[in-house]
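# Secondary and tertiary structure notes
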Amino acid sequence: MLKVILFLVAASLIVVVAWLLAGIPGHVTASIGAFSIETSTPVAVLMLAVLVVAILVVFRLLRAVWGIPRTGAAWRRRRRVTVGERAVTRVLVALAAGEQGAARKEARRARSLLGESPQTLLLVAEAGRLAGREDEAEEAFRALAKQKDATFLGLRGLLRQAVDRRDWAEALTLAKQAEAAHPGTVWLRQQRAELALQTENWAEALELIGPDPNRPTYYVAAAEADPDPARALGFAKQAWKQDPAFVPAVLAYATRLRATGSEKRAQACVLEAWKRAPHPDLAIFALATQTDSLARAQAAKRLTAANPTHAESRILLARTALDAGLTGEARHQVETAQAEGVHQRRLSLILAEIEEHERGDTEAGRLAQREALRQASTADADPHWQCTNCHADQTAWHPKCTTCGKVGTIQWQTGQRPSGLPVIAA
Ligand SMILES: [Zn+2]
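Counting starts from 1 at the beginning of each chain's written sequence and moves along it residue by residue. The model is predicted, so local features are restricted to residues of pLDDT at least 70 and side-chain atom pairs to those at 80 or more, both for listing and for counting; the totals for chains, interfaces and linings are taken over all residues.

### Some remarks on the nonpolar core
Within the largest apolar cluster, 87 residues are counted, with the highest numbers of intra-cluster contacts made by Ala-236, Ala-239, Val-250, Tyr-253 and Val-270. Both domains that meet at this core, namely domain 2 (80-208) and domain 3 (217-326 + 335-344 + 377-413), each give it at least three residues. Setting aside its immediate chain neighbours within four residues, Tyr-253 contacts Ala-236, Lys-237, Ala-239, Trp-240 and Cys-269. Under the definition applied here, buried Ala, Val, Leu, Ile, Met, Phe, Trp, Tyr and Cys residues are grouped into a nonpolar core through C-beta atoms within 7 Å. Burial in this document is a count-based property: other C-beta atoms within 10 Å of a residue's C-beta are tallied, and the residue is buried at 20 or more, exposed at 12 or fewer, or partly exposed in between, with C-beta positions derived from the backbone. Each domain's extent is set by a domain assignment, obtained either automatically or from a database. Any residue pair is listed as a contact if its two C-beta atoms, each placed from the backbone, are within 7 Å.

Given below as structure tokens:
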């Protein structure tokens, strides 16, 4: 309805204008050179209007023709972006589905269509990693690291690659660059802590690692690595304070106390640890200053006084008594331990020595020794240090497994193992 009204109004206006124009009196004469034209004023006005409209139409046509190449380029650009974005979606789907070939192909396609954007470079790198093409991933991560806003992303990828191939020196350099590019990230802190552990920079690891059940291990390792005696004593004390029953921590602290002349405090630490958890390494330390066999037997009694029925206490008392020629006491300790259900190989071997001492090279002595050695061959395994990660046996405790390189995995195992390994001397 509105359109009809507008049409009627417009038509009326045209009629009015035409009527007004037709009513204009006079003539218009135009001369160009020898050519002249004369017409009435209304016709001249109408011709002028037609001329203006014609000029406008021609001008618009020229503009359209002029703009054709630019319009085509814009269209192609839009088309590339559309196809490129589809390729990006396909890469994401392929990565999520673990389709290596499709991910690589679409990532390369997205890169060629959309250029070196952080998104395409990251996709190329991740697709390369998924397909095991670390060279392709590295090239993309390096290109990413050169982009101002994506430097951290590139360095992060390169750092992950360096850690995977255990190139700790390169990883440390990259971690420093990543920290400068984007300081204070939780992920980077964890990575730096892991690197500190792998490169055995224990003091830095302690600064970077928060609450961790292995902190006593790191403190012991830091004490062992630090050439400064005062700092080493500080680290060892921290280890011991955090876990006074952890044998390596007790020994690290006691050893440094002994070195500073605090023998009484060192012995007190070991005595306290023996009360909580007897261990042959503690006995070695406690008896190290005694050279006389009788004095060693006396020292063993003092050490075990607070925990005399523990298997380690009985074995230590038996060993030191036998060394001092007190075979009766040695036999008593061995037989009591066996009666209490301890059937470790070391007990049978001590018993064989006792038989040799008491009966000498006699028929009865040889028979008794053979019986003790037969017992040893079928006895339970002796306790030993073992890696809980790779299960490799270790002759001594280390902060880091010498076989698999894992930190904090060496533990004292009291379970069974195949016999034939050397007896741990008490
Ligand atoms: Zn291991």
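### Examining helix H5 (residues 118-130)
With 13 residues, H5 extends 18 Å from end C-alpha to end C-alpha; this agrees with the ideal 18 Å at 1.5 Å per step. With 10 of 13 residues buried, H5 lies mostly within the body of the structure. The complete set of buried residues in H5 reads Thr-120, Leu-121, Leu-122, Leu-123, Val-124, Ala-125, Glu-126, Ala-127, Gly-128 and Arg-129. Numbering of helices and strands runs from the N terminus, with a helix taken as a DSSP run of H or I at least four residues long and a strand as a DSSP run of E at least two residues long. Summarising the contacts, the buried residues of H5 are in contact with helix H3 (68-97), helix H4 (100-114), helix H6 (134-145) and helix H7 (151-164). Here a helix's expected span is defined as the number of its residues, less one, multiplied by 1.5 Å.

### Concerning the domain arrangement of the protein chain
Taken domain by domain, the protein chain consists of domain 1 (21-66), domain 2 (80-208) and domain 3 (217-326 + 335-344 + 377-413). Domain 2 puts 6 residues into the contact, and the matching count from domain 3 is 6 residues. A per-element tally of the side of domain 2 that touches domain 3 places helix H10 (residues 202-208) first, with 4 residues. Three classes are used, and their members are as follows: Ala, Val, Leu, Ile, Met, Phe, Trp, Tyr, Cys and Pro are nonpolar, Asp, Glu, Lys and Arg are charged, and the others, Gly among them, are polar. For the side of domain 2 that touches domain 3, a count of residues per class yields 5 nonpolar, no polar and 1 charged.

### A word on the packing of helix H13 (residues 247-259) against helix H14 (residues 263-276)
Angle between the axes and distance between the axes: these two values describe a pair of packed helices. Axis definition: a line fitted to C-alpha atoms, limited for helices to the stretch in contact. Angles are taken between N-to-C directions and run from 0 to 180 degrees. The N-to-C vectors of H13 and H14 enclose an angle of 165°; their axes lie 7 Å apart at closest approach. As the angle between them shows, H13 and H14 are arranged roughly antiparallel. Here H13 runs over H14; the crossing is left-handed. Contact residues: Val-247, Val-250, Tyr-253, Ala-254, Leu-257 and Arg-258 in H13; Glu-263, Arg-265, Ala-266, Cys-269, Val-270 and Ala-273 in H14. When the residues that make up the contact of H13 with H14 are grouped by side-chain class, the tally is 9 nonpolar, no polar and 3 charged. Throughout, the term roughly parallel applies to angles under 35 degrees, roughly antiparallel to angles over 145, roughly perpendicular to angles from 65 to 115, and oblique to all others. Definitions for this section: a left-handed crossing has its near helix turned counterclockwise from the far helix by less than a right angle. A right-handed crossing has that turn clockwise.

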